[in-house]
Amino acid sequence: NYGSKNFFTDSIIPLLISSILSLLMYIVNTDVFLQLKHIVSIGISIIPAMVALILTAYTIMLTFIASDKFSSIKNTDKGKKLILDLNSSFAACLFVSTISIIIMILVSSIANLGIQIERPEIVNYPTYFIVCYFLVYSVSILTGIVIDIFNSGQTVLINNEDQNNDKSNNSPRITQNNDNH
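The following paragraphs examine the structure supplied in this document. All figures in this text were calculated on a predicted structure; none of them were measured in a lab.

**Observations concerning the pattern of salt bridges**
Summed over all chains, the structure comprises two salt bridges. A salt bridge links Lys 81 to Asp 85, with the nearest nitrogen and oxygen atoms 2.8 Å apart. Remark: Asp 85 and Lys 81 occur in helix α4 (residues 77-113); sequence separation between them is four residues, near one turn of the helix. On the accessibility criterion, Lys 81 (49% relative accessible area) is partly exposed. We classify Asp 85 as partly exposed; its relative accessible area is 22%. Close ionic contact of Glu 121 with Arg 119 constitutes a salt bridge, the shortest N to O distance being 3.3 Å.

Here you go:
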């Protein structure tokens, strides 16, 4: 199941990328508010498409799981664990993407209000980091989903190949007798 260990492992790359980008914004001394609005607009356009992709991938996985070809796998303890792991991975991916969408909408709405504050960098830099983190996390967690789909497909193919080999080894063979009398 997708637990805190997976969350921390999956957070390493997004934390690094977000930290590097935020540090670059600080060093270059660019307009972080402008960059924040830009990255939010990218996130708002990308993440909903990712959610659709996740749901499509989940439908494909359910088709795999419901198929007869997967039945021998899902009846084993390892197969049941695989299915639970896949479900929790998809749930985590949808959860993170949903939180990302909510954050992007909130930040975009607040940014468009035009609120003037005395030291905007105190708000803008941490907000930029958070937006970057969730955007990168949402994209990077998709890698795990793609790997899960690939592994499930491989499992089905390998299992089918093993079953076909078993059937061909157990089937009666017709041999030709070449006795020359």
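This is not the end of the story, as more comes after the structure.
**Quick word on the environment of Ser 100**
Following the sequence through the fold, Ser 100 ends up in helix α4. Relative accessible area serves as the criterion here: at 0%, Ser 100 is assigned to the buried category. Between the C-alpha atoms of Ser 100 and Gly 43, which are 57 residues apart in sequence, the distance is 8.0 Å. Discounting chain neighbours no more than four positions away, the residues touching Ser 100 are Ile 47, Phe 134 and Ser 138. From its side chain, Ser 100 meets the backbone oxygen of Phe 134 in a polar contact 3.2 Å long.

**A look at the nonpolar core**
In summary, soluble globular proteins display a tendency toward joint burial of nonpolar side chains. Leu 36, Ile 39, Tyr 128 and Val 131 are the most contacted members of the largest nonpolar core, which has 30 residues in total. When contributions to this core are tallied by element, the ones reaching two or more residues are α2 (32-66), α4 and α5 (121-170). Looking at this core element by element, the count peaks at 11 residues for α5. Not counting chain neighbours up to four residues away, the residues in contact with Tyr 128 comprise Leu 21, Ser 22, Met 25, Val 32, Gln 35, Leu 36 and Ile 39.

**A word on the packing of α2 against α4**
The contact between α2 and α4 brings their axes to 9 Å, and the two run at 155°. The orientation of α2 with respect to α4, classified from their angle, is roughly antiparallel. For the crossing formed where α2 meets α4, the hand is left-handed. Per-class residue counts for the contact of α2 with α4 are 24 nonpolar, six polar and one charged.

**A look at the packing of aromatic side chains**
As enumerated under the stated definition, the model contains six aromatic pairs in all. Measuring from centroid to centroid gives 5.6 Å for Phe 7 and Phe 8, while their planes differ by 65°, and the two rings are edge-to-face. Look at Phe 8 and you get exposed, because its relative accessible area is 56%. Judged by centre distance (5.8 Å) and plane angle (70°), the rings of Tyr 26 and Tyr 125 are edge-to-face. Residue Tyr 26 is found in helix α1 (residues 4-28), and its partner Tyr 125 is found in helix α5; the two are separated by 99 residues along the sequence. Grouped by ring-pair contacts, the aromatic residues Phe 7, Phe 8, Tyr 133, Phe 134 and Tyr 137 constitute a single cluster.

**Observations concerning α2**
For an α-helix the count is 3.6 residues per turn, leaving residues at separations of three or four pointing the same way. With 35 residues, α2 ought to run about 51 Å at 1.5 Å a step, and its terminal C-alpha atoms sit 49 Å apart, in line with that. All buried positions along α2 are accounted for by Val 32, Leu 36, Ile 39, Val 40, Gly 43, Ile 47, Met 50, Val 51, Ile 54, Ala 57, Met 61 and Ile 65.

**Considering a nonpolar patch on the surface**
On the surface, a nonpolar cluster with roughly 1,000 Å² of combined accessible area is contributed by Ile 12, Ile 13, Leu 16, Ile 17, Ile 20, Leu 23, Leu 24, Tyr 26, Ile 27 and Val 28. Position of Val 28 relative to the elements: it lies in helix α1.

**Quick word on the side chain of Ser 138**
Residue placement: Ser 138 occurs in helix α5. Ser 138 sits in the buried class, given a relative accessible area of 0%. Polar contacts involving the side chain of Ser 138 include one to the side chain of Ser 100, which spans 2.7 Å.

Calculation rules
- Residues numbered from 1 in each chain as written.
- Predicted model: local features only at pLDDT ≥ 70, side-chain atom pairs only at ≥ 80, totals over all residues.
- Heavy atoms only, no water.
- Salt bridge = Lys/Arg side-chain N within 4 Å of Asp/Glu carboxyl O.
- Helix = DSSP H or I, 4+ residues; strand = E, 2+ residues; numbered from the N terminus.
- Buried < 20%, exposed > 50% of the residue type's maximum accessible area, 1.4 Å probe, protein only.
- Contact = heavy atoms within 4.5 Å.
- Polar contact = N/O pair within 3.5 Å; in protein donor to acceptor, adjacent residues only side chain to side chain.
- Core = buried A, V, L, I, M, F, W, Y, C linked by side-chain atoms within 4.5 Å.
- Axes fitted to C-alpha atoms, helices over the stretch in contact; angles between N-to-C directions.
- Parallel < 35°, antiparallel > 145°, perpendicular 65-115°, else oblique.
- Left-handed = near helix turned anticlockwise from the far one by under 90°.
- Nonpolar A, V, L, I, M, F, W, Y, C, P; charged D, E, K, R; others polar.
- Phe/Tyr/Trp six-rings, centres within 6.5 Å; stacked < 30°, edge-to-face > 60°.
- Expected span 1.5 Å × (residues − 1).
- Patch = residues over 30% accessible without salt bridge, like charges linked within 9 Å, V, L, I, M, F, W, Y side chains within 5 Å.
- Areas by Shrake-Rupley, 256 points an atom, 1.4 Å probe, with all protein chains shown as cover.

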